[in-house]
Amino acid sequence: MSDKLFRLIAAYQQYDWGKIGSKSAVAQYSTLSDPTVKIDETKPYAELWMGTHLKAPSKNADSNELLNNIIAKNPEETLGNDIINKFHAKNELPFLFKVLSIEKVLSIQAHPDKALGKILHAQDPKNYPDANHKPEMAIAVTDFEGFCGFKPLGEIADELKRIPELRNVVGDETADQFIKNFKENVTVGSADDQANRKLLQSVFSKVMNAPEDQIVQNARALIQRAHDSPADFNKADLPDLLIRLNKQFPDDIGLFCGGLLLNHCRLNAGEGLFLRAKDPHAYISGDIIECMAASDNVVRAGFTPKFKDVKNLVEMLTYNYGTVDEQKMVAEKFPRSSGNGESLLYNPPIEEFAVLETTFKTSTGKRHFEGVDGPSVLIVTKGNGKISTGDVKLDASTGFVFFVAANTPVDLETTDSTFTSYRAFVEPN
């Protein structure tokens, strides 16, 4: 067995919002990778976790040994000294790699930064189980929709004028102050931008602190408006979106704090989105590759029966605002690969991870990758091929997951033009 390249068995999670049975990419990948997994066609399969997170760590497919333990036996070889020194751990990866299969909307949520993560964990370890931050990146495997960040302020002001139910929840005084005082085309970080963020915070706080009976009453009227008067809304697809979400979570506050205040985002397969710490977001439908810092800290706002920490949520958000396009990631070429096929790098502005997509749509054959200065995890999402390093060559089929040790060159090889893989990795710089 190679200690530089080996196959993993990843754990799956069955949350209520996941796609059901074999419709789920998570279920498909799980049973293709591990034939002992039998799909229950009545149960949801929501997430596939690839990494060392103790809640659901991956195992070596041959020995059944936990990846954490394999790394701990030889951290210098598996992680590399620079990664050990940077993240101060010898038995874990600094990122968590996932596949998500989404049937129903996930909770509207945000994640703390490192400073707040430490505070929340110390104050409430039950709801905040670690002290880390949790920036996330999503890449669509199938067509995807979600919420990402606050809408441009002009759109929110327009909604406060057009949608009486939103105005009722926010209140006339706060709504009028927002409409009158927000400024467009301001410089980020300027006094005008800071004033805009305060105005946005006041609107969001009013929504999040509204009495439940007020939310229920206005949610029902809002959905009636979506049915009867769709032209009242400033986006053509918004009435249908609200109706769909209301069927999943009737009369929920998420219709306001999500549907009316956050950007409705659509990604085509292969498009990526970076979700910064302290920015609100939610996934609505589709299959995605997700990578994040290794944390499970979530501050929730709506579309959930779980704990909502309204006070911390309202205080912690950055109140960034803008269009969806500002949050989409632009893939870069990856010069440390060569040969057939194509590799594109999704490289968010954080230190814990980047993700490399490799396809062979343009030409089949062999693609070579120089070793990267840290560990990586690779999943095949489509097609069949081989992955190799030195004299080790392994089958790489749909659903198969691999660990690649630091500074290990690898080759991907295929005659299948559909062969697609995603590789999460971390480097010291």
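Predicted model, so just to flag it, every value in this text is computed and none were measured. (Residues numbered from 1 in each chain as written. Predicted model: local features only at pLDDT ≥ 70, side-chain atom pairs only at ≥ 80, totals over all residues. Heavy atoms only, no water.)

**Side note on the sheet that holds strand β1 (residues 5–9)**
If you walk across this open sheet you meet the eight strands as β6-β1-β24-β21-β26-β19-β18-β16, and the pairing is antiparallel. Here the strands that pair on one side only, and so sit at the sheet edges, are β6 (59–60) and β16 (332–333). (Pairing = 2+ DSSP bridges. Helix = DSSP H or I, 4+ residues; strand = E, 2+ residues; numbered from the N terminus.)

**Structural notes on the nonpolar core**
Among the nonpolar cores identified, the biggest contains 56 residues, and Phe178, Phe204, Val207, Met208, Leu255, Phe256 and Leu260 are the most heavily contacted of them. Per element, the largest residue contribution to this core is six residues, and it comes from helix α9 (residues 191–208). Not counting the four nearest positions on each side in its chain, leucine 255 is found in contact with Ala219, Leu222, Ile223, Leu242, Leu245, Asn246, Leu260 and Phe303. Phe6, Val26, Met329 and Val377 belong to the second-largest nonpolar core, a separate cluster that totals 38 residues. (Core = buried A, V, L, I, M, F, W, Y, C linked by side-chain atoms within 4.5 Å. Buried < 20%, exposed > 50% of the residue type's maximum accessible area, 1.4 Å probe, protein only. Contact = heavy atoms within 4.5 Å.)

**Brief notes about the UniProt feature "active site" (unreviewed entry) in the chain**
Following the UniProt record, the feature "active site" (unreviewed entry) maps to Arg300 here. One can find arginine 300 in strand β14 (residues 299–302). When residues no more than four places from it in sequence are discounted, the contact partners of arginine 300 are Ser107, Ile108, Gln109, Lys306, Phe307, Lys308, Asp309 and Leu313. (UniProt positions renumbered as here; feature names shortened; annotations may be inferred.)

**Looking at the packing of aromatic side chains**
By the definition in use, this model includes eleven aromatic pairs. Judged by centre distance (5.5 Å) and plane angle (85°), the rings of phenylalanine 150 and phenylalanine 204 are edge-to-face. Placement of phenylalanine 150 in strand β10 (residues 144–150) and of phenylalanine 204 in helix α9 is noted, with a sequence separation of 54 residues between them. Judged by its relative accessible area of 1%, phenylalanine 150 falls in the buried class. Taken together, the ring pairs in this structure connect Phe150, Phe204 and Tyr319 into an aromatic cluster. When the ring centre of phenylalanine 400 is taken as origin, the NZ or CZ atom of arginine 7, which lies over that ring, is 4.2 Å away. One cation-aromatic arrangement involves lysine 306 over tyrosine 15; the distance from NZ or CZ to the ring centre is 5.8 Å. (Phe/Tyr/Trp six-rings, centres within 6.5 Å; stacked < 30°, edge-to-face > 60°. Lys NZ or Arg CZ within 6 Å of the ring centre and 35° of its normal.)

**Here's the deal with the sheet that holds strand β17 (residues 337–339)**
The sheet built from five strands is open, its strands ordered β17-β20-β25-β22-β23 with antiparallel pairing. Edge positions in the sheet fall to β17 and β23 (392–397), since each has one partner strand and no second. In this sheet, neighbouring strand axes are inclined to one another by 20° on average, regardless of whether the strands run parallel or antiparallel. Bridge analysis of strand β20 (residues 365–369) against strand β25 (residues 410–414) gives five bridges, and the strand direction is antiparallel. Bridged to histidine 368 within β25 is aspartate 411. (Axes fitted to C-alpha atoms, helices over the stretch in contact; angles between N-to-C directions.)

**Let's talk about unusual backbone geometry**
At aspartate 251, a position not held by glycine, the phi torsion is positive, near 60°. Positioned with a positive phi, phenylalanine 303 is a non-glycine residue whose angle comes to about 55°. With respect to the helices and strands, phenylalanine 303 occurs in the loop between β14 and α13 (310–316).

**Some thoughts on the pattern of salt bridges**
Any two side chains of opposite charge can pair if their charged atoms end up close together. Applying the stated criterion across every chain, the model contains 27 salt bridges. Ionic pairing is found between lysine 73 and glutamate 65, a salt bridge with its closest N-O pair at 2.7 Å. Overall, the relative accessible area of 64% leaves lysine 73 in the exposed class. By relative accessible area, which is 22% here, glutamate 65 ends up partly exposed. In this structure, lysine 328 and glutamate 271 form a salt bridge, with 3.8 Å as the shortest nitrogen-oxygen distance. (Salt bridge = Lys/Arg side-chain N within 4 Å of Asp/Glu carboxyl O.)

**Focus on the UniProt feature "binding site: Zn(2+)" (unreviewed entry) in the chain**
As annotated in UniProt, the feature "binding site: Zn(2+)" (unreviewed entry) corresponds to Gln109, His111, Glu136 and His281 in the numbering used here. Despite a sequence span of 173 residues, these residues sit close together in the fold, their greatest C-alpha distance being 11.9 Å. Among the annotated residues just listed, those lining the second largest cavity are Gln109. Secondary-structure assignment places histidine 111 in the loop between β8 (108–110) and α5 (114–123). Residue classification places histidine 111 among the buried positions, given a relative accessible area of 1%. (1 Å grid on protein atoms, 1.4 Å probe; cavity = no way out; pocket = protein on both sides within 12 Å on 5 of 7 lines; lining within 4 Å.)

**Here we look at the packing of helix α8 (residues 172–181) against α9**
It is at 10 Å that the axes of α8 and α9 come closest, and there the two elements cross at 155°. For the element pair α8 / α9, the angle class is roughly antiparallel. At the point where α8 passes α9, the crossing takes the left-handed sense. Only Asn196, Leu199, Leu200, Ser202, Val203 and Lys206 of α9 make contact with α8, whose side of the interface consists of Thr174, Gln177, Phe178 and Asn181. Of the residues that constitute the contact of α8 with α9, the class distribution is four nonpolar, five polar and one charged. (Parallel < 35°, antiparallel > 145°, perpendicular 65-115°, else oblique. Left-handed = near helix turned anticlockwise from the far one by under 90°. Nonpolar A, V, L, I, M, F, W, Y, C, P; charged D, E, K, R; others polar.)

**Observations concerning helix α11 (residues 238–248)**
All of the buried residues in α11 are Leu238, Pro239, Leu241, Leu242, Ile243, Leu245 and Asn246. Those residues of α11 that are buried lie in contact with β10, α6 (153–162), α10 (212–228), α12 (254–260), β11 (262–267) and β13 (281–293).

**Let's talk about the layout of surface pockets**
Of the pockets and cavities examined, the largest pocket occupies roughly 630 Å³. Contributing to the lining of the largest pocket are 32 residues, with Trp17, Ser107, Gln109, Arg300 and Lys306 lying nearest its centre. Residue assignment for the lining of the largest pocket shows that the elements contributing at least two residues are β5 (47–50), β7 (95–102) and β13. Per-element tally for the lining of the largest pocket: the top contributor is β13, with five residues. (Points joined across faces, edges and corners; volume = space filled by probe spheres on them.)

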